[in-house]
There are 12 protein chains.
Amino acid sequence: MTAVKSTLPEPARKVAGDALQSTLVDLLGLSLIAKQMHWNIVGPRFRSIHLQLDEVVATARTYADTVAERSSALGLPPDGRPETIAAACTLPGPKDGWVRDTDVVQLIVDVLEAAIGRLRERIAATAEPDPVTQDLLISLTAELEKQRWMFDAENWPRND
Amino acid sequence: MTAVKSTLPEPARKVAGDALQSTLVDLLGLSLIAKQMHWNIVGPRFRSIHLQLDEVVATARTYADTVAERSSALGLPPDGRPETIAAACTLPGPKDGWVRDTDVVQLIVDVLEAAIGRLRERIAATAEPDPVTQDLLISLTAELEKQRWMFDAENWPRND
Amino acid sequence: MTAVKSTLPEPARKVAGDALQSTLVDLLGLSLIAKQMHWNIVGPRFRSIHLQLDEVVATARTYADTVAERSSALGLPPDGRPETIAAACTLPGPKDGWVRDTDVVQLIVDVLEAAIGRLRERIAATAEPDPVTQDLLISLTAELEKQRWMFDAENWPRND
Amino acid sequence: MTAVKSTLPEPARKVAGDALQSTLVDLLGLSLIAKQMHWNIVGPRFRSIHLQLDEVVATARTYADTVAERSSALGLPPDGRPETIAAACTLPGPKDGWVRDTDVVQLIVDVLEAAIGRLRERIAATAEPDPVTQDLLISLTAELEKQRWMFDAENWPRND
Amino acid sequence: MTAVKSTLPEPARKVAGDALQSTLVDLLGLSLIAKQMHWNIVGPRFRSIHLQLDEVVATARTYADTVAERSSALGLPPDGRPETIAAACTLPGPKDGWVRDTDVVQLIVDVLEAAIGRLRERIAATAEPDPVTQDLLISLTAELEKQRWMFDAENWPRND
Amino acid sequence: MTAVKSTLPEPARKVAGDALQSTLVDLLGLSLIAKQMHWNIVGPRFRSIHLQLDEVVATARTYADTVAERSSALGLPPDGRPETIAAACTLPGPKDGWVRDTDVVQLIVDVLEAAIGRLRERIAATAEPDPVTQDLLISLTAELEKQRWMFDAENWPRND
Amino acid sequence: MTAVKSTLPEPARKVAGDALQSTLVDLLGLSLIAKQMHWNIVGPRFRSIHLQLDEVVATARTYADTVAERSSALGLPPDGRPETIAAACTLPGPKDGWVRDTDVVQLIVDVLEAAIGRLRERIAATAEPDPVTQDLLISLTAELEKQRWMFDAENWPRND
Amino acid sequence: MTAVKSTLPEPARKVAGDALQSTLVDLLGLSLIAKQMHWNIVGPRFRSIHLQLDEVVATARTYADTVAERSSALGLPPDGRPETIAAACTLPGPKDGWVRDTDVVQLIVDVLEAAIGRLRERIAATAEPDPVTQDLLISLTAELEKQRWMFDAENWPRND
Amino acid sequence: MTAVKSTLPEPARKVAGDALQSTLVDLLGLSLIAKQMHWNIVGPRFRSIHLQLDEVVATARTYADTVAERSSALGLPPDGRPETIAAACTLPGPKDGWVRDTDVVQLIVDVLEAAIGRLRERIAATAEPDPVTQDLLISLTAELEKQRWMFDAENWPRND
Amino acid sequence: MTAVKSTLPEPARKVAGDALQSTLVDLLGLSLIAKQMHWNIVGPRFRSIHLQLDEVVATARTYADTVAERSSALGLPPDGRPETIAAACTLPGPKDGWVRDTDVVQLIVDVLEAAIGRLRERIAATAEPDPVTQDLLISLTAELEKQRWMFDAENWPRND
Amino acid sequence: MTAVKSTLPEPARKVAGDALQSTLVDLLGLSLIAKQMHWNIVGPRFRSIHLQLDEVVATARTYADTVAERSSALGLPPDGRPETIAAACTLPGPKDGWVRDTDVVQLIVDVLEAAIGRLRERIAATAEPDPVTQDLLISLTAELEKQRWMFDAENWPRND
Amino acid sequence: MTAVKSTLPEPARKVAGDALQSTLVDLLGLSLIAKQMHWNIVGPRFRSIHLQLDEVVATARTYADTVAERSSALGLPPDGRPETIAAACTLPGPKDGWVRDTDVVQLIVDVLEAAIGRLRERIAATAEPDPVTQDLLISLTAELEKQRWMFDAENWPRND
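Quantities reported herein were computed from a predicted structural model and do not represent experimental measurements.

### So, the overall build of chain A
Part 1 of the reasoning: If you tally the helices and strands in chain A, you get five helices and two strands.
Part 2 of the reasoning: Whereas a compact globule of 160 residues would reach a radius of gyration of roughly 15 Å, chain A reaches 17 Å, a difference of no more than 12%.
Part 3 of the reasoning: For chain A, the C-alpha atoms occupy an extent of roughly 55 × 30 × 20 Å along the three principal directions.
Part 4 of the reasoning: Expressed as a percentage of its 160 residues, the buried residues of chain A come to 66%.
Part 5 of the reasoning: Carbon and sulfur atoms make up 53% of the accessible area of chain A, which totals about 5100 Å².
Part 6 of the reasoning: Distance between charge centres in chain A, computed from 17 positive and 23 negative side chains, equals 2 Å.

### Some thoughts on the relation of the copies chain J and chain H
Part 1 of the reasoning: Of the two same-sequence chains, chain J is brought onto chain H (RMSD 0.0 Å, axial shift 0.0 Å) by a rotation of 180 degrees. Such values leave the two copies arranged in the relation of a two-fold axis.

### What about the side chain of J:His38?
Part 1 of the reasoning: Along the chain, the position of J:His38 falls in helix α1 (residues 10–40).
Part 2 of the reasoning: When residues no more than four places from it in sequence are discounted, the contact partners of J:His38 are H:Asp65, H:Glu69, J:His50, J:Leu53 and J:Asp54.

### So, the interface of chain J and chain H
Part 1 of the reasoning: If you look at the interface, chain J gives 37 residues, while chain H gives 37 residues.
Part 2 of the reasoning: Across the interface of chain J and chain H, roughly 3000 Å² is buried in total on both sides, 67% from carbon and sulfur atoms.
Part 3 of the reasoning: Run the count over chain J and chain H and you get two salt bridges.
Part 4 of the reasoning: If you list the elements that add at least two residues to the side of chain J that touches chain H, you get α1, α2 (46–73) and α3 (82–88) of chain J.
Part 5 of the reasoning: The element best represented in the side of chain J that touches chain H is α1(J), accounting for eight residues.
Part 6 of the reasoning: Residue classes in the side of chain J that touches chain H are distributed as 19 nonpolar, nine polar and nine charged.

### What about helix α1 (residues 10–40) of chain C?
Part 1 of the reasoning: Spanning 31 residues, α1(C) covers 45 Å between terminal C-alpha atoms, matching the ideal 45 Å at 1.5 Å per step.
Part 2 of the reasoning: With respect to burial, α1(C) is a largely interior element, 24 of its 31 residues being buried.

### What about the environment of J:Leu74?
Part 1 of the reasoning: For J:Leu74, the location among the structural elements is in the loop between α2 and α3.
Part 2 of the reasoning: Exposure remark for J:Leu74: the relative accessible area of 0% places this residue in the buried category.
Part 3 of the reasoning: Among residues more than four places away in sequence, those in contact with J:Leu74 are J:Ser6, J:Leu8, J:Arg13, J:Ala16, J:Leu20, J:Asp130, J:Thr133 and L:Glu145.

### Observations concerning the pattern of salt bridges
Part 1 of the reasoning: Counted according to the given criterion, the structure contains 216 salt bridges over all chains.
Part 2 of the reasoning: A salt bridge links E:Arg120 to D:Asp130, with the nearest nitrogen and oxygen atoms 3.0 Å apart. Here E:Arg120, found in helix α4 (residues 101–126), pairs with D:Asp130, found in the loop between α4 (101–126) and α5 (131–154), and the two come from separate chains. Comparing E:Arg120 with D:Asp130 shows no difference in burial state: the two are buried.
Part 3 of the reasoning: Of the charged contacts in the structure, one is a salt bridge between J:Asp130 and J:Arg70, with a shortest N-O distance of 3.0 Å. With J:Asp130 in the loop between α4 (101–126) and α5 (131–154) and J:Arg70 in helix α2, this pair connects stretches of sequence that are 60 residues apart.
Part 4 of the reasoning: On the basis of relative accessible area, J:Asp130 is assigned to the buried category, the value being 0%.
Part 5 of the reasoning: The class of J:Arg70 is buried, set by a relative accessible area of 6%.
Part 6 of the reasoning: Each member of the salt-bridge network shares a partner with another, and the members are A:Lys5, G:Glu113, G:Arg148 and G:Asp152.

### Remarks on the relation of the copies chain G and chain A
Part 1 of the reasoning: For these two chains of identical sequence, chain G goes onto chain A by a turn of 120 degrees and a shift of 0.0 Å along the axis, with RMSD 0.0 Å. What the superposition gives is, in effect, a three-fold axis relating one chain to the other. Using C-alpha coordinates, one finds that chain G approaches the rotation axis most closely at G:Asp135, a distance of 4.8 Å.
Part 2 of the reasoning: An overlap of only 6% is found between the interface residues of chain G and their copies at the interface of chain A, pointing to separate contact surfaces.

### Notes on the packing of helix α2 (residues 46–73) of chain I against α5(J)
Part 1 of the reasoning: For the pair α2(I) and α5(J), the least separation of the axes is 8 Å and the interaxial angle reads 65 degrees. With respect to α5(J), the element α2(I) is oriented roughly perpendicular. For the element pair α2(I) and α5(J), the recorded crossing hand is left-handed. Residue-level contacts link I:Glu69, I:Arg70, I:Ser72 and I:Ala73 of α2(I) to J:Ala142, J:Glu145, J:Lys146, J:Arg148, J:Trp149 and J:Met150 of α5(J).
Part 2 of the reasoning: In terms of residue class, the contact of α2(I) with α5(J) is built from four nonpolar, one polar and five charged.

### Digging into the confidence of the model for chain A
Part 1 of the reasoning: Averaged over every residue, the pLDDT of chain A is 96; the share at 70 or more is 98%.
Part 2 of the reasoning: The complex prediction reports pTM at 0.97, with the ipTM value standing at 0.96.

### Examining the interface of chain G and chain A
Part 1 of the reasoning: Across the boundary between the two partners, chain G contributes 18 residues, which contact 16 residues of chain A.
Part 2 of the reasoning: Overall, the association of chain G and chain A removes approximately 1500 Å² of surface from exposure, summing both partners, and the carbon and sulfur fraction of that is 56%.
Part 3 of the reasoning: Between A:Arg70 and G:Glu145 there is a salt bridge, and its shortest N-O distance comes to 2.6 Å.
Part 4 of the reasoning: At the boundary of chain G with chain A, the tally comes to six residue pairs in polar contact (both at pLDDT 80 or more).
Part 5 of the reasoning: Top contributing element to the side of chain G that touches chain A by residue count: helix α5 (residues 131–154) of chain G, with twelve residues.
Part 6 of the reasoning: Split by residue class, the side of chain G that touches chain A holds eight nonpolar, two polar and eight charged.

### Looking at the packing of helix α1 (residues 10–40) of chain H against α2(J)
Packed helices, taken two at a time, are described by the angle their axes make and the gap between the axes.
Part 1 of the reasoning: The N-to-C vectors of α1(H) and α2(J) enclose an angle of 35 degrees; their axes lie 9 Å apart at closest approach. With respect to the hand of their crossing, α1(H) and α2(J) are arranged in right-handed fashion. Along its contact with α1(H), which presents H:Lys35, H:His38 and H:Trp39, the element α2(J) presents J:Ala64, J:Asp65, J:Ala68, J:Glu69 and J:Ser72.
Part 2 of the reasoning: Broken down by class, the residue content of the contact of α1(H) with α2(J) amounts to three nonpolar, two polar and three charged.

Here is what the cut-offs are and how they apply
- Residues numbered from 1 in each chain as written.
- Chains lettered and ligands numbered in written order.
- Predicted model: local features only at pLDDT ≥ 70, side-chain atom pairs only at ≥ 80, totals over all residues.
- Heavy atoms only, no water.
- Helix = DSSP H or I, 4+ residues; strand = E, 2+ residues; numbered from the N terminus.
- Rg over C-alpha atoms; globule rule 2.2 N^0.38 Å.
- Buried < 20%, exposed > 50% of the residue type's maximum accessible area, 1.4 Å probe, protein only.
- Areas by Shrake-Rupley, 256 points an atom, 1.4 Å probe, with all protein chains shown as cover.
- Lys, Arg positive; Asp, Glu negative; His and termini not counted.
- Charge placed at Lys NZ, Arg CZ, Asp CG, Glu CD.
- Least-squares fit on C-alpha atoms with pLDDT ≥ 70 in both.
- Contact = heavy atoms within 4.5 Å.
- Buried area = accessible area lost by both parts, 1.4 Å probe.
- Salt bridge = Lys/Arg side-chain N within 4 Å of Asp/Glu carboxyl O.
- Nonpolar A, V, L, I, M, F, W, Y, C, P; charged D, E, K, R; others polar.
- Expected span 1.5 Å × (residues − 1).
- Axes fitted to C-alpha atoms, helices over the stretch in contact; angles between N-to-C directions.
- Parallel < 35°, antiparallel > 145°, perpendicular 65-115°, else oblique.
- Left-handed = near helix turned anticlockwise from the far one by under 90°.
- pLDDT = per-residue confidence, 0-100.
- Polar contact = N/O pair within 3.5 Å; in protein donor to acceptor, adjacent residues only side chain to side chain.

In structure tokens:
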């Protein structure tokens, strides 16, 4: 069923659609992982990181909505169902149970770096086919890199 | 690691914790399913249902946070990771791709009825062990039953 | 026509539905009586009671909506038509024309006490069949008892 | 008891007072009827009309208050008690139970047309005796005619 | 100096201008008198009337601005200087010093009645020459009559 | 197609409809002209007039919406399409390109005077057939006359 | 008269200016067309589309302002006068009179597709000469494509 | 002096009243203790805990008001005077002078646990006599248990 | 009648009371003069000064209220009646009729300088008897000196 | 433990610290006493005084926080624990149980006068050692004297 | 010390970092220069330009924060210390003392043009190495060019 | 050029002006230093101190504006240009590059202590010549001493 037409010609639509679908999966995964740590963190920095994680969740949810609706606008139905996220999301995630605060910070830095690395590839890939999609991915990358810096600054001195 | 102590004695804590964990999975599943339909619905009633679904999402997200934090408050780390939702959530869900508006309404009625049925059992189970948890589940049930009515009224005349 | 299905089995639905329908009639009657006194009060305490009565109206209207929608959510169409209120409402009401402020205070105390007494019976009746409905009636009772106290404190020293 | 004096001479006061009292009854009746349909509507356009009816209720309540207070300001105690509305209100009303959406739209158009017709007569009658009252009725008519148009546009193509 | 032109022909402009100028003087006088009583009232109803008087002040100031700017819009410079108000304002006013609450209520009723009586004459006078000015005076009269009712209701039982 | 019925009898409806349609064209024209000057003004008073023009635009847009919806409410479909405005609007307008600030003030005074003169005729014409429409035109005239005064005061000393 | 200097060299300024001027005409035309349909729509989906069209109007007006001010910032006076829009706007538009809801949806999809197609060409044309202008056109395209999707989803199943 | 009547029969009123009075003392004590630590905390986590303590204060004050007014509503005058709190409050409290951050966290956990333990007993005691009071105590317990979890999570690893 | 007692001993009360009463007269006079110029200004700087004068009015009204209530708090009934202002206010004021913008600026500078000069004397006089009153006069002086600077800066180059 | 250094030399710090500590005790005592009367007042002026007392509570709480934090800022740990208030607060307080409205007004006047008298001494004492602390006490005195006036005006005619 | 890692490879990071650091210096310089003129401007257009300059300050401060945090996010510590700004900022600046309004406008146009010219070079330089940084510089340029136009339009007719 | 006259005689004006100019330089320096640390801080307390520093920046900016405008109001043009700050500011400042969180806290304590010490001298110096200026410096000192306490409490146990 081709319910919604696209304003992009086909090959461009395919490239933009793939970039958006994989970004959607990453963002939904990120929102669930950050909430999980929001609930399970323990340690002296509990409150500070507990609050900061909710900003990550808010960013991830807002962009997930924008990314999915952009996909719909291009005539490609987005897929954000639980089983899709579980199957397609490749971001590192936490074990179950309580997590100490220093481990939370390290984990969120790793998750954000993984997501940013994949976004940079999609920015390059979409420049030609659809600058509108590229512009959205650029804005998202700026937000995630800002979040990554804040956790990384908090992560100092690093263990590695 | 027993990081957070509980203010409940053990058997009561176990009952309340189980009720909260399975409710958390249902609510996170519901939020993802409703968003999926929010993005993929097509048909003449698009706008009206598109907006109404976001109210379901908002309800599900707010209560998921309250339920998970109640679990933490009882000393039981909640589990809302993607793989847990995919594995444990038994609510009926949509196929991928565009969904016509009448099918969306039927589907969300079915999802809400399944979630409400399971909540009613947990309300009965938690009355004795932890009236605080029960009170939270009662409020949640009231919200979901109101949403269910609205979609069911919209669903008339039913096909069945 | 059974347009909306219920998530409650039949005998429970009947008990909850009766409690909600008679509460709805009381609340709509209360909102009209309080407005009537809001407009017709005279005496030195005019402004103070004129304003306080509007808080009663606001409470009655908000809960009337919640109670009626709860009834719909249980698959029972609520009835709040003028003729139904006039026929079924048993709360004491004012004569027509101006009412002096001390009489207004006494009257509203009487009206609230009558409504509260009937609510306490319904709280007992709905505990088993539907704790969700019971929870709603408990909240409403708390609000009306608070309003009753304020008018009763204002009513001191009583004439009786 | 003539508690509040008037700033109008007697015959003018009588004309304005009658116009305001019958308008008050119509508005309170309208608010109850629109709420009744707000709760009992079923069908695919449920949400859209459910919301629109609440705008009618808000308009009716706001103007009922203004009209009643204008009556008081003229030294005429307004009468908005349940039994008065049931006895004096001549607007057509719904049966009890669920109402399908198309019937709701037709009914509200009929109710509004009846109310508007009676208002136009009162606008003519009050021009001379009290232009302040007339100005209020003119504003109210503009609001109700706007609501009537919206439901009538929604009512197209009409069955008649 | 005829700095601002008018959109009204001359005789009409004169009538409207006179009505506006004398209304301006009344409103500025009313705002000062009500503030004076706001500060000097004593007695058990202090707080209630203290607050209500500030609503009269707010109404008087808002309409004074609208009336003066309407005069300017008609090409007639308004005059609201202290010496003009003292010379031209014929409203009854308070003595200096503390005023007991019952006297305040009686005084404000008298002041408002005097102002309303003069406004009703101007409404009649401006109907033909400038319906725009008349419409403004009608709105103002409605506001002042509402305030008068509230103080008169509070004034019951009257001493007279 | 007579989609929306009217609550006015025919000759009255025709008079009110004509008044509303020509007012709609004037208001849409005014909003475009004022925006054009908002963007193209140059000179030392740039900022002050740039901001003031946006208030004219806001007034024109708000009343255009009210006027058009009043026309629909009377069963007469309003016409605000670009080609209709270009053909029917008789207000004086600017040349293209930059406009110096003193010329802008003179131009907007002329435009507003033209619009007001036509509105005064329509106020007289609609008094009998539809006082509701007349009331709307009176409010609009008051707004435009206030704006005209402000620009005319700013225009002093005039060149003429 | 070259009142405002540009920060761009000449050929770049010409390209950017042309793109902005034709975008301005499209956006002003779109705002008038969407308002026209906002007022004249009839049919069962009246309310839903009536509200959605106002979001299109708001988007078109906001971007028209930004686009015109960007043109001024480049030293090119924008032209948004009624006669310019009527002459230069090539978007498809509605007939006069009432329009049924399904036709409105089809029409707005067509209008938006035409506008988007022209914007995509200007995005390509301005990339080199002025990336600041290009960035603005990209944001606008994202907004219009989102609106187009929503109406297109509502348009399903299509008649064609 | 029995100024305010109760809507509860006597034995029930006594049980509910005792539960409310001792809860009031605990809440006022908690609000003073938390403020004391808010002002006297020192150490690297100063800001984080300083802010979190004010949330405890806000919760304690809000519920103290609700609990005391519920007592009044039952016809039992609440007692929250300084000497009563000092005499009746059994919660553990801080020494005077500066307190290091880790000691603050441990202390607030102890205070909250003591308060929660006493609340759980009152929830059981009031279930039968007054479900309205019980419902209020349940809500309060949920809030305090959430606060306790947050401080306990922050308290990890515990010294004990 | 000595209705309100003072917390100051007599000689101090007299000094503070005189300072407050004469400040009240100045502030009410200032508010009327600034409004008069707000309405009657003409010239190219109309809008800018028209708005700035309303900030003076707002400051004068706010401080008049604070000053009068401070007088009441000291047991001295303030006097702000029209005849008192006309008799006691020594600030320079405008002629009636239109005033050109440059004259308005010069006039408001003169009025503010006169008021500030008198305030500086009262600041010195009240330092010993009542530092609370002095503190209020200091705050007021800071506000008026800021306003005076702004008009004086606008007044440059001065004619004198 | 001298955790926080001071920016004041020792003798000055001692004087300022004593003034702040005794003010803190008075304010916390005042907030508890006013709340106690807020809950226990009965009589015809219930609502008016009930509301006014909450303004006293809000003032007392806000200044208690500012005063305590000023003490901390001077390196002196403030002491606001329940036992300290009970032991050190010398303000007159209410008996337990219901209090009639006229007694409440008299009592709050007495309490405020006692607090103000002690503040005036501290204002004199801190002028030299720390004008920053003095400035804070002056602001607080102005607020309490305003509250005292309002209750004293309400207290007229006094019984004494 | 390399505290924060970057998500960009080295040469790209160097280019983006240099662009951000020099932009930061320009923005901090611009904010100080605009504030300086905000305080020191004199002349008839004082108020209008005084307000407009604060919009420049707000823009400069907001973007300075974004630019500096982007630099941190790339692992390059930004440098905004006073001595750095004084040494590195090459924007033209005002003399000390009062500045007449026409000179202020000319100066701010020059400052903005200098800043914009340097930004355009950095937009070109960062396109390849980091489109995220480029996107930020494009947005900033659009804002500054809009501000430049407004001052330039106000600057007409230019002296040069 | 003596553009703005002063309301203070000469020697007083000189003393007040010097105090204000040096305070302005300190505040602008403080705002830049605090922002620099806001961007460059690293370590586990990153987020908490990052946020707290922005409160210092907001305080410094708000008071810088007030101080500079007070100087203008006294007829003395303030000087806040980059080169003036760099030359005149004697507050200790950070090195460039990342700064660890404990060093940030120590540094900001030192900076605030230096600024407070200089302010206390100016408070003494301005008491006689201009109590209005003194009052402003007192308020500012209270704010900075509160900030200093918070950082000093966070600084415990100190290294020294």
